[in-house]
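Tertiary structure, described
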Amino acid sequence: MPSDAKGLSSLLLAVADDELIIGHRHSEWTGWAPHIEEDIAFSSIAQDEIGHANLFYKLLSEVDGRTPDEIALGRQRGEYRHAIVCERPNGDWAYTLARHFLYDSAEQVRLEAFAESSHSPLSDVSEKLLREERYHRFHAEAWLERLANGPVEGRHQISAALISAMRDAVGLFEPIEDEEVALADKVMPNTSEELLQKWLTEVTKRIESAGIVLDLASKDGAELLPTSSGELPQPLEDTTQPASISYRDGRWVLDGTLSGFGGRRGAHSEDFTALWDDLTRTYREAPAATW
Amino acid sequence: MVTATSISKAQVLEALEGVKDPEIPAVSVLDLGIVEKIQIDGVRVAITCLPTFVGCPALDMIREDIESALAEIGATAEVNFVFRPPWTSDRISEEGKRKLLEYGLAPPPAGNTVALTLMAPGKCPYCGSADTILESPFGPTACRATCYCRSCRNPFEQFKQI
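Now for a quick tour of the structure. What you are looking at is a predicted structure, and each value in this text was computed from that prediction instead of being measured. (Residues numbered from 1 in each chain as written. Chains lettered and ligands numbered in written order. Predicted model: local features only at pLDDT ≥ 70, side-chain atom pairs only at ≥ 80, totals over all residues. Heavy atoms only, no water.)

Residues and elements named next belong to chain A. Across six bridges, strand β1 (residues 243-248) lies against strand β2 (residues 251-256) in antiparallel orientation. Paired with Arg248 across the bridge in β2 is Arg251. Hairpin geometry of β1 and β2 is characterised by an intervening segment of two residues between the two adjacent antiparallel strands and by a positive phi of about 50 degrees at Asp249. (Pairing = 2+ DSSP bridges. Helix = DSSP H or I, 4+ residues; strand = E, 2+ residues; numbered from the N terminus.)

If you want it as structure tokens, here you go:
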């Protein structure tokens, strides 16, 4: 690989891995979603994201010589560069929707940036993908608003899920390896930090306009409203983490150790172990198989 | 298989008219506006195509179908997919939209107004009523949304605007 492709390769790998792993998680809803329309929706979004991953692996393949399948399925766990938020188990329906919203908003921010990339194969596909991704965002935003404006139980669950997912999702903007090379080549038009700022501003605005108040810095975070019986709902899970996301002096500041970082360096959580095993098993058993 | 020394554009177009979308056999690759460029050099034909939806599994089948349709007329096809210009649903011809409707799929509305379209999916392909609602922006294939007609009470699908 020519040394000047280092930044480009690193960028393509991070994005392709994000798409593959989130697509894999979405596909786990096939047959299990709460109702048939959602089963179809998540299956369809999974198909889109894995198709997008395949496209990014193809672009990478052009600079690195390996086949897309070799790159996608022929690596060890520590060689994957997706953000940790993508590998988290689907959990409950609220977490699934919160992550879907945060991930697809992040994709919009970065694809808009990549549409200005100096690497024309990347800018061309980014423009194309932005058209497809609108349907993902429409779906995620419709659910966010439905839950925010529905019964208090759903509102509380989505609020708690957003806080939990947000602490992981900031890792989507963890700097990539060789980011300085990607920036110097203008393959990557903006720094990860600039994209993080833009994304946090946009998602928090959207969450607020749906009527949800999130305190990302506090232990519990979400507002608690009494249920119809007048009782306060019990917090669903303890979201205590020695970390916070706050807006200070005109910019977003991350404090402490947020759980979502490490993925861009290949440091994954335990959640990735079983996923990797499942995802790559067929390839490991029969690398030459075609299907 | 015929043996030819050169192929005309008319022959190529006729062959491509026979290549249908594997998931919507009512429309050809020409109706869908997938074919961007045709370059003929003797019996070698280079065809540049635009993918509809990137994750669509039918793309590889379309490539193979084009290759075999051209082999039938004695040509060697080289099919290449590119992303610029991006394929949009506006590239579907009027004839293509008519065929979609006949097939039972509401054609995509013109333009690039997704949010608006999602609220008003267009006329029911069965009864023509405009009293329709979008059930889900997703459907059995990447390019289709699921809708419902409140007038004739039939569910139907729409080719998505993109």
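So, about the pattern of salt bridges. Where charged atoms of side chains with opposite charge meet at close range, the side chains can pair. Across all of its chains, the model carries 28 salt bridges over all chains by this definition. Between Arg281 of chain A and Asp277 of chain A there is a salt bridge; the shortest N-O distance is 2.5 Å. Placement of the pair is Arg281 of chain A and Asp277 of chain A together in helix α10 (residues 271-285), with a separation of four residues, close to one helical turn. With a closest N to O distance of 3.5 Å, Lys99 of chain B and Glu17 of chain B form a salt bridge. (Salt bridge = Lys/Arg side-chain N within 4 Å of Asp/Glu carboxyl O.)

Here we come to the nonpolar core. Judged by nonpolar contacts, the single largest core of 82 residues is most densely connected at Phe56, Leu102, Leu162, Met166, Leu172 and Trp199 of chain A. When residues of this core are assigned to their parent elements, the largest contribution, 13 residues, is made by helix α5 (residues 93-114) of chain A. When near neighbours in sequence (up to four residues on either side) are disregarded, Leu172 of chain A contacts Asp18, Ala83, Val85, Cys86, Tyr103, Ala106 and Arg264 of chain A. The next biggest cluster of nonpolar side chains, apart from the first, holds 37 residues, and it includes Cys56, Leu100, Leu105 and Ala142 of chain B. (Core = buried A, V, L, I, M, F, W, Y, C linked by side-chain atoms within 4.5 Å. Buried < 20%, exposed > 50% of the residue type's maximum accessible area, 1.4 Å probe, protein only. Contact = heavy atoms within 4.5 Å.)

Residues and elements named next belong to chain A. Assignment of secondary structure puts Arg99 in helix α5. Buried charge without a salt bridge: Arg99, with Glu28 as the nearest opposite-charge side chain at an N-O distance of 6.5 Å. Contact partners of Arg99, with chain neighbours within four places excluded, come to Ile22, Arg25, Val85, Cys86, Glu87, Arg88, Pro89, Asn90 and Ala165. (Lys, Arg positive; Asp, Glu negative; His and termini not counted.)

On to the interface of chain A and chain B, then. Listed as interface residues are 23 residues of chain A and, on the opposing side, 24 residues of chain B. For the pair chain A and chain B, the two sides together bury roughly 2,200 Å², of which 63% comes from carbon and sulfur. Together, Lys128, Arg131 and Tyr135 of chain A form the three largest contributors to the area buried by chain A at its contact with chain B, with a combined 33%. Taken together, chain A and chain B are joined by two salt bridges. In this structure, Arg84 of chain B engages Asp124 of chain A in a salt bridge whose closest nitrogen and oxygen atoms are separated by 2.4 Å. Summed over the shared surface of chain A and chain B, the result is seven residue pairs in polar contact (both at pLDDT 80 or more). Contributions of two or more residues to the side of chain A that touches chain B are made by α2 (36-64) and α6 (120-148) of chain A. Residues that form the side of chain A that touches chain B fall into these classes: eight nonpolar, seven polar and eight charged. (Buried area = accessible area lost by both parts, 1.4 Å probe. Polar contact = N/O pair within 3.5 Å; in protein donor to acceptor, adjacent residues only side chain to side chain. Nonpolar A, V, L, I, M, F, W, Y, C, P; charged D, E, K, R; others polar.)

Let's shift gears to the sheet that holds strand β8 (residues 144-149) of chain B. Residues and elements named next belong to chain B. Pairing is mixed across the open sheet formed by four strands, whose spatial order is β6-β9-β8-β7. One side of each edge strand has no neighbouring strand; the edge strands of this open sheet are β6 (105-106) and β7 (132-136). In terms of strand pairing, β6 meets strand β9 (residues 155-159) through two bridges, oriented parallel. Looking at the pairing, Ala106 lines up with Gln158 of β9.

Residues and elements named next belong to chain B. Along helix α1 (residues 9-17), the positions that sit buried rather than exposed are Val12, Ala15 and Leu16. The arc that holds the buried residues of α1, viewed along the axis, is 100 degrees, so those residues lie on one side. For α1, exposure combined with an orientation more than 90 degrees from the buried face picks out Ala10 and Glu14. Contacts made by the buried residues of α1 are with β2 (24-28), β3 (35-41), β4 (44-49) and α2 (58-72). (Arc of directions from axis to C-beta.)

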